[in-house]
Amino acid sequence: MTHGSPRSRRRPHPRWRTELQGRSGTCTRRRRTPGGLTVKITALTASLSESSTSNRLAQRILDAAAELATEAAPETAPADPQATAPLETEIINLREFSRQLVDSMLTGVPSDELDEVYAKLRTSDAVVLAAPVYNATPIGLLTMFLQLFPEAGLRGIPVLLASTGGTVRHSLAMDQHIRPVIAYLKGLALPTAVFAATDDWGLPEEQTGMRRRIEAAVEELLELTSGSRQGAGNSRGASTSGAHGTSRRVEPVDEFDPNTITPFDQLLGR
């Protein structure tokens with residue numbers, strides 16, 4: 001029986017090798033603006049409408065990230081604030097790609113539009129996943145999208161999980177269903193997830209505490225993101241100290257590499 005995503009059972013699409021990988025097989029995420037390095041956070045929502053609470057929650061998370069990043073930035077601002085903005089954000093709604101998702105799942109044929117979305121996530125410094133919960137399960141648009149994601153496609157990228165639902169009984173749905181998938185894709189799911197029930201949108205902040213929950217998760221997200229600034233422009237990997245205290249890059253081990261898998265005849269001692 002073959003395991004893995006539908007994409008893993010096909011020959012890798014050539015676009016992934018050209019857009020997502022350099023000659024060394026790694027991918028750099030940060031871009032340099034005239035004022036320095038910028039941090040890109042991409043929010044992926046799986047809502048059924050543009051005015052859904054999931055989209056609103058994703059926007060609040062991005063707004064909180066921009067606010068906290070601005071507070072942490074130096075007080076002296078350049079003449080052109082846009083040129084040196086420390087944060088670059090974008091929201092992508094999977095609703096616009098629902099037909100491509102179904103076609104790609106049923107036919108196994110890659111979609112140019114979906115490949116662009118995967119490339120944006122793969123080259124982001126951090127990702128926010130926001131989705132509504134129906135019948136104790138995140139909406140199928142999100143799970144279908146992640147099932148088509150290339151293996152280890154989120155390697156080393158911090159991921160903030162956010163969801164909305166009618167009652168707080170659905171608050172652990174994203175943790176139960178999506179967190180293991182993020183781990184399989186080698187993403188870094190934050191310990192703090194954000195859930196917003198119907199009452200969170202109608203009651204005062206002092207009763208719901210939604211803003212405090214958002215800020216707690218965003219602080220974790222920015223802390224993980226800023227921790228990799230020293231490695232900006234380098235290949236993704238862990239940083240360790242050498243014998244003389246110098247820093248060196250250690251490439252992560254890919255357990256799916258066929259060259260590192262022990263043959264069964266050796267495991268059986270034949």
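Data block above holds the structure.
Reading guide: rules and limits
For every chain, the first residue of its written sequence is number 1, and the numbers climb from 1 along that sequence. Local features in this predicted model are restricted to residues whose pLDDT is 70 or higher, and side-chain atom pairs enter the listing and the counts only when it is 80 or higher, whereas totals over whole chains, interfaces and linings include all residues. By convention in this description, side-chain values take in all heavy atoms of the structure and omit both hydrogens and water. Numbering goes from the N terminus for both helices and strands, where a helix is a DSSP run of H or I of at least four residues and a strand is a run of E of at least two. When accessible area is computed with a 1.4 Å probe and restricted to protein chains, residues below 20% of their type maximum are described as buried, those above 50% as exposed, and intermediate ones as partly exposed. In this description, accessible areas are obtained by the Shrake-Rupley approach with a 1.4 Å probe, and a residue is regarded as covered only by the protein chains that are shown. By this definition, two strands are paired if DSSP reports at least two bridges between them.

1. Some points on the overall build of the chain
So, point 1. Of the regular secondary structure elements, the chain holds 11 helices and 10 strands.
So, point 2. With 270 residues in all, the chain has 39% of them scored as buried.
So, point 3. Carbon and sulfur atoms form 52% of the exposed surface of the chain, whose accessible area is close to 15,200 Å².

2. A word on the pairing of strand β6 (residues 158-165)
So, point 1. Within β6, 8 of the 8 residues are buried, leaving the element largely enclosed by the surrounding structure.
So, point 2. Alternating residues of β6 divide into Pro158, Leu160, Ala162 and Thr164 and Val159, Leu161, Ser163 and Gly165, and every residue in both groups is buried.
So, point 3. Bridge count for strand β4 (residues 126-134) against β6 is 6 bridges, and the pairing is parallel. Its bridge partner lying in β6, Leu129 is registered against Leu161.
So, point 4. Bridge analysis of β6 against strand β7 (residues 188-189) gives 2 bridges, and the strand direction is parallel. Of the residues in β7, the one forming a bridge with Val159 is Ala189.
So, point 5. Here β6 runs beside strand β8 (residues 194-197); their pairing, made up of 4 bridges, is parallel. Counted as the bridge partner of Ala162 is Val194 from β8.

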